[in-house]
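# Structural characterization, general
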Amino acid sequence: PVRRITVPQIIARKGKEPIVSLTSYHAHTAQIVDKYADFILVGDSLGMVVHGMESTLGVTLDMMITHGKAVMRGTRRALVVVDMPFGSYEESPAVAFRNAARVIRETGCGAVKLEGGARMAETIRYLTERGIPVMGHIGLTPQSTNVMGGFKTQGRDEDTWPAHEADARAVAEAGAFSIVLEGMVEPLAARITRDCPIPTIGIGASVECDGQILVLEDMLGLNPKPPKFVKVYGTLGDMIDQAVGAYAEEVRARSFPSEDEVYR
Ligand code: KIV
Ligand code: NA
């Protein structure tokens, strides 16, 4: 059995080799991503991507655990990180620990991720001191969409930079092993990456970060309206459309199943 990439190995990449990451929610996609990614995130974006929700706010701990188990079963090499969903960690460090421990225990994943900067520092410290590695997530934090009034790129106004930099510092000092920088202007991501002792993982945060992550379905071409920061590497949407169309045609023409697919 191949040993999975560890949290200390991710930390050691800072300033060296770029960190490769994608999301995954399913065993079969995770099995492919596992060949290439250093860590796989079971993101709460699954609320939108898998379950058709408007935002991530309706995602539950049970949903994260179900998909976390699927990804763990499909992989053996990458570190698997599972998102803590809205409402499962904000109340107190003790509540966060109880729920994060469930995620670790029931899925077997190696770490959890939670959104928020300085305000979550106490919780990040509480979890890491008790054996749960935490990945931070600052900048555009989708679970705060109702407070922010939508998804807005962060750091356009230079006056906001000190607050973002303080968030990154607080998360790192609290013991997080890595930090996602989402939806922020390049010079801010560059400053945070330069000053932060732990690896930064960018999504819509420029090439200045220590690693990159994308939502798998976005980069595969399955999202009809991907955000600007997504590069579309595949045409899975078109491929599924063609395949399903061909199947429907053949069923209607009674040309599927054919000689090859029948038990004699
Ligand atoms: O839920 C998610 O997919 C994420 C990443 C895009 C960072 O949090
Ligand atoms: Na997320």
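Residues numbered from 1 in each chain as written. Chains lettered and ligands numbered in written order. Predicted model: local features only at pLDDT ≥ 70, side-chain atom pairs only at ≥ 80, totals over all residues.

If you check UniProt for "binding site: Mg(2+)" (unreviewed entry), the listed places come out as Asp44, Asp83 and Glu115 in our numbering. Taken together, the annotated residues stretch across 72 residues yet fold into one region, lying no more than 10.9 Å apart by C-alpha. Position of Asp44 relative to the elements: it lies in the loop between strand E2 (39-42) and helix H3 (46-49). Among the residues examined, Asp44 registers 30 C-beta atoms within 10 Å and is labelled buried. Once residues within four sequence positions are removed from consideration, Asp44 is found in contact with Thr56, Val59, Met64, Asp83 and Pro85. Note that Asp83 resides in strand E3 (residues 79-83). Judged by local crowding, Asp83 falls into the buried class, with 28 C-beta atoms found within 10 Å. Sequence-distant contacts of Asp83, defined by excluding residues within four places in its chain, comprise Leu41, Val42, Gly43, Asp44, Met64 and Lys113. (UniProt positions renumbered as here; feature names shortened; annotations may be inferred. Helix = DSSP H or I, 4+ residues; strand = E, 2+ residues; numbered from the N terminus. Buried ≥ 20, exposed ≤ 12 C-beta atoms within 10 Å, placed from the backbone. Contact = placed C-beta atoms within 7 Å.)

So, about the environment of Arg13. Note that Arg13 resides in the loop between helix H1 (7-11) and strand E1 (19-23). Classification of Arg13 as partly exposed rests on a count of 17 C-beta atoms within 10 Å. Sequence separation of Arg13 and Gly211 is 198 residues, and the distance between their C-alpha atoms is 9.2 Å. Those residues within four positions of Arg13 in sequence are excluded, and the remaining contacts are Ile19, Pro199 and Asp210.

Turning to the site of ligand 1, a few remarks are in order. Around ligand 1 sit Thr23, Leu41, Gly43, Asp44, Ser45, Asp83, Val180, Glu182, Ile203, Ile213 and Val215, and that is every residue in its neighbourhood. A breakdown of the residues in the shell around ligand 1 according to their chemical character gives five nonpolar, three polar and three charged. (Near = placed C-beta within 6 Å. Nonpolar A, V, L, I, M, F, W, Y, C, P; charged D, E, K, R; others polar.)

What follows covers unusual backbone geometry. The amide bond that connects Phe256 to the next residue, Pro257, takes the cis arrangement and shows omega of -5 degrees. You can see Pro257 is positioned in the segment after helix H11 (236-252). Its identity as a non-glycine residue notwithstanding, Ser206 has a phi of 80 degrees, on the positive side. Positionally, Ser206 belongs in the loop between strand E7 (200-203) and strand E8 (211-214). Notably, Arg254 is not glycine yet its phi reads approximately 55 degrees, a positive angle. In this structure Arg254 comes out as exposed when scored by C-beta crowding, with 8 C-beta atoms within 10 Å.

Attention shifts here to the packing of helix H4 (residues 61-74) against helix H5 (residues 93-107). At their nearest, the axes of H4 and H5 sit 9 Å apart, and the two run at 30 degrees to each other. As the angle between them shows, H4 and H5 are arranged roughly parallel. Crossing hand, H4 versus H5: right-handed. Taking contact as the criterion, the partners of Leu61, Met64, Ile65, Gly68, Lys69 and Met72 in H4 are, on H5, Asn99, Arg102, Val103, Glu106 and Thr107. Taken together, the residues that form the contact of H4 with H5 break down as five nonpolar, three polar and three charged. (Axes fitted to C-alpha atoms, helices over the stretch in contact; angles between N-to-C directions. Parallel < 35°, antiparallel > 145°, perpendicular 65-115°, else oblique. Left-handed = near helix turned anticlockwise from the far one by under 90°.)

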